[in-house]
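# Observations on chain architecture
What follows is each chain in one-letter form.
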Amino acid sequence: MSFPSPETIRADFPIFRREFHGRPLAYLDNAATTQKPRAVIEALVDFYEHHNANTHSGVHTLSEEATELYEEARGRAARFLNAPSPRCIVFTSGTTAAINLVAQSWARPRLQPGDEIVLTAMEHHSNLLPWQQVARETGASLRYLELDGEGRLATEHMEKAVTEATRLLAVTHVSNVLGTINPVERLVRQARAVGALTIVDAAQSTPHLPVDVQALDCDFLAFSGHKVYGPMGIGVLYGKSEHLDAMEPHASGGGMVLRVERDGADWMEAPWRFEAGTPNVAGAVALAAALDYLQGFDGEALRGQEIALTGYALERLGERSGLRLYGPSDPAQRAGAIPFSVEGVHPHDVAEILDGQSVAVRGGHHCCQPLMAHLGVPALVRASLGLYNDTNDIDRLAEGLERVAGIFRHD
Ligand code: 7TS
């Protein structure tokens, strides 16, 4: 286990050698996607240079190697989540695809009118629209857990989170906008008590916190490779075997059948029955390299550093007049995202002026329009942290905001 400084960590990421407008980049858009360490880029190149072949179908050496690497990556993802078996890991293109898989394969054939799907008011559209679609298709209804003034799940709502009508609880582990860490373990326990299943959107927690599916005891969990320093186009759905084995595939085609006749087919076992078509083998292999990279650090030390940096950012930004911060005031209750608004200036303008200072943040609704409506804002600016960020990046953000204030000063 190592714990190098953010500066040493940045040396692992080739993109930070680039200059933007003559300055090094202060990359504060990690919730959208993280940058890639050399080890991940090399794993991608190494696969295509030395092992490229299709999986499962060929009998030749390369195909066997590709299959072995792909299945090893599945095992690596299982260890990352402390899943009991690689058979619980389905490779998908990302969190969105993983959630849609559960919506179509588990929920759609099972839910009925009168059934409830419980969400929170802070869900990303990817953990909201698939449930709206299923609700329309099945006659089930959606119910939302509301937030308190600091963007946490309101205690009185959590107490009544589930009812006898609840069939599924779909909740984000960490909010991509507010950074709030939700008490997922508690919510899962409540859901189990009424016989409801749970799916955890771990897209924003896996980059920052240890995620243990057996400790959480959730039924399903999804995350994206590109947010944990891995490549785009690869992600993971974890599912308990008892559910995956009972689910029909959401998509069918090559690579997921045992036997096909003119009028029927027998599916392979889970997880392969959910991976129709040629899989993203290079992506899976490079994701495994990313998980090795991330877990090569002392997680507790990393988390401590992030809490300290979040505290520093909240303090520095909080000093500015006309700037409003959102999310929990306690840095230990949040991970990654630091959203804010600047009085009288549209978030897109803030982000654009910061870009001119080589400070990369995102301005927009962050695929959370119902949350924006709840907060009463059309959009927010969001800085979001990765393991290579340090106080210098936050100082650059604060200086950039000084420039925003200068440009928009009306007196
Ligand atoms: N769930 C959460 C909580 C997310 O933050 C995101 C992406 C997704 C699901 C979807 O992940 P994908 O990999 O399938 O696209 N969030 C963001 C964001 O905050 N800014 O850009 C993408």
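Residues numbered from 1 in each chain as written. Predicted model: local features only at pLDDT ≥ 70, side-chain atom pairs only at ≥ 80, totals over all residues. Heavy atoms only, no water.

## With respect to the site of the ligand
- Lining the immediate environment of the ligand, one finds 16 residues, of which Thr96, Asp201, Ser224, Arg362 and Arg382 sit closest.
- Here an oxygen atom of the ligand sits 2.6 Å away from a polar atom, N or O, in the side chain of Thr96.
- Contact distances for the ligand include 2.5 Å between a nitrogen atom and a side-chain N or O atom of Asp201.
- For the ligand, the protein covers 87% of the area, taking 490 Å² as the surface of the free molecule.
- Grouping the amino acids of the shell around the ligand by side-chain chemistry returns three nonpolar, nine polar and four charged. (Near = heavy atom within 4 Å. Polar contact = N/O pair within 3.5 Å; in protein donor to acceptor, adjacent residues only side chain to side chain. Areas by Shrake-Rupley, 256 points an atom, 1.4 Å probe, with all protein chains shown as cover. Nonpolar A, V, L, I, M, F, W, Y, C, P; charged D, E, K, R; others polar.)

## Structural notes on the packing of helix H3 (residues 61-80) against helix H10 (residues 281-295)
- H10 packs onto H3 with a crossing angle of 40° between their chain directions and a minimal axis gap of 8 Å. Regarding the angle of H3 to H10, the classification is oblique. Crossing of H3 over H10 shows left-handed handedness. Across from Ala66, Leu69, Tyr70, Ala73, Arg76, Ala77 and Phe80 in H3, the residues of H10 making contact are Val281, Ala284, Val285, Ala288, Leu291, Asp292, Leu294 and Gln295. (Axes fitted to C-alpha atoms, helices over the stretch in contact; angles between N-to-C directions. Helix = DSSP H or I, 4+ residues; strand = E, 2+ residues; numbered from the N terminus. Parallel < 35°, antiparallel > 145°, perpendicular 65-115°, else oblique. Left-handed = near helix turned anticlockwise from the far one by under 90°. Contact = heavy atoms within 4.5 Å.)

## Quick look at the environment of Val342
- Relative to the assigned elements, Val342 resides in strand S14 (residues 337-342).
- Take Val342: its relative accessible area is 17%, and that puts it in the buried class.
- As for Val342 and Ala405, which are separated by 63 residues in sequence, their C-alpha atoms are 8.7 Å apart.
- Aside from chain neighbours lying at most four places away, what touches Val342 is Gly322, Val350, Leu401 and Val404. (Buried < 20%, exposed > 50% of the residue type's maximum accessible area, 1.4 Å probe, protein only.)

## Structural notes on the pattern of salt bridges
- In total, this model carries 20 salt bridges according to the counting rule given.
- Residue Arg382 is joined to Asp29 by a salt bridge in which the shortest nitrogen-to-oxygen separation is 3.5 Å. In this pair, Arg382 is assigned in strand S17 (residues 380-384) and Asp29 in the loop between strand S3 (26-27) and helix H2 (38-51), connecting sequence segments 353 residues apart.
- Judged by its relative accessible area of 1%, Arg382 is buried.
- In this structure, Asp219 and Arg192 form a salt bridge, with 3.9 Å as the shortest nitrogen-oxygen distance. Here Asp219 is found in the loop between helix H8 (213-216) and strand S9 (220-224), whereas its partner Arg192 is found in helix H7 (residues 184-193), with 27 residues between them in sequence.
- What makes Asp219 buried here is its relative accessible area of 3%.
- When its relative accessible area of 40% is taken as the criterion, Arg192 is described as partly exposed. (Salt bridge = Lys/Arg side-chain N within 4 Å of Asp/Glu carboxyl O.)

## Some words on the side chain of Thr206
- With respect to the secondary-structure elements, Thr206 resides in the loop between strand S8 (197-201) and H8.
- In terms of polar contacts, Thr206 uses its side chain to reach the backbone carbonyl oxygen of Ala202, at 2.8 Å.
- The residues touching Thr206, leaving out its near neighbours within four places in the chain, are Phe80, Leu81, Val211, Phe223, Val228 and Leu294.

## Some points on the packing of aromatic side chains
- Evaluation of the coordinates by the stated rule reveals 10 aromatic pairs.
- Ring centres 4.9 Å apart and planes at 65° place the aromatic pair Phe16 and Tyr388 in the edge-to-face group. In this pair, Phe16 is assigned in the loop between helix H1 (6-10) and strand S1 (19-20) and Tyr388 in the loop between S17 and helix H14 (391-408), connecting sequence segments 372 residues apart. Neither Phe16 nor Tyr388 differs from the other in exposure class; each is buried.
- Their ring planes at 40° and their centres at 5.2 Å tell us that Tyr70 and Phe91 sit as a pair that is tilted. With Tyr70 in helix H3 and Phe91 in strand S4 (residues 89-92), this residue pair connects regions lying 21 residues apart in the sequence. Accessibility classification places Tyr70 together with Phe91 in one group, the buried group.
- Pairwise contacts between aromatic rings join Phe13, Phe16, Tyr229, Tyr293, Phe297 and Tyr388 into one cluster. (Phe/Tyr/Trp six-rings, centres within 6.5 Å; stacked < 30°, edge-to-face > 60°.)

## Observations concerning the nonpolar core
- Counting 69 residues, the largest nonpolar core has Leu81, Leu221, Phe223, Tyr238 and Leu387 as the members making the most contacts within it.
- Here this core gets nine residues from one element, more than from any other, and that element is H10.
- Viewed by domain, this core spans two of them, domain 1 (6-30 + 298-408) and domain 2 (41-295), each represented by three or more residues.
- Aside from chain neighbours lying at most four places away, what touches Phe223 is Phe80, Leu81, Gly94, Thr95, Ala202, Ala203, Thr206, Val228, Gly235, Val236 and Leu287.
- Formed by 26 residues, the second largest nonpolar core is a distinct cluster that contains Ala98, Leu119, Val134 and Leu168. (Core = buried A, V, L, I, M, F, W, Y, C linked by side-chain atoms within 4.5 Å. Domains from an automatic or database assignment.)

## Focus on the domain arrangement of the protein
- For the protein, the domain assignment lists domain 1 (6-30 + 298-408) and domain 2 (41-295).
- Computed from C-alpha coordinates alone, the two centres of domain 1 and domain 2 are separated by 28 Å.
- Every contact between the two is made by 33 residues of domain 1 and, on the other side, 24 residues of domain 2.
- In total, domain 1 and domain 2 occlude about 2,300 Å² of area from one another, counting both sides; carbon and sulfur atoms represent 61% of this.
- At the junction of domain 1 with domain 2, the criterion picks out zero salt bridges.
- At the level of elements, helix H11 (299-318), S14, helix H13 (369-375) and S17 are the ones that each hand at least two residues to the side of domain 1 that touches domain 2.
- Considering each element in turn, the side of domain 1 that touches domain 2 owes the most residues, six residues, to H13.
- Residues of the side of domain 1 that touches domain 2, tallied by class, amount to 19 nonpolar, nine polar and five charged. (Buried area = accessible area lost by both parts, 1.4 Å probe.)

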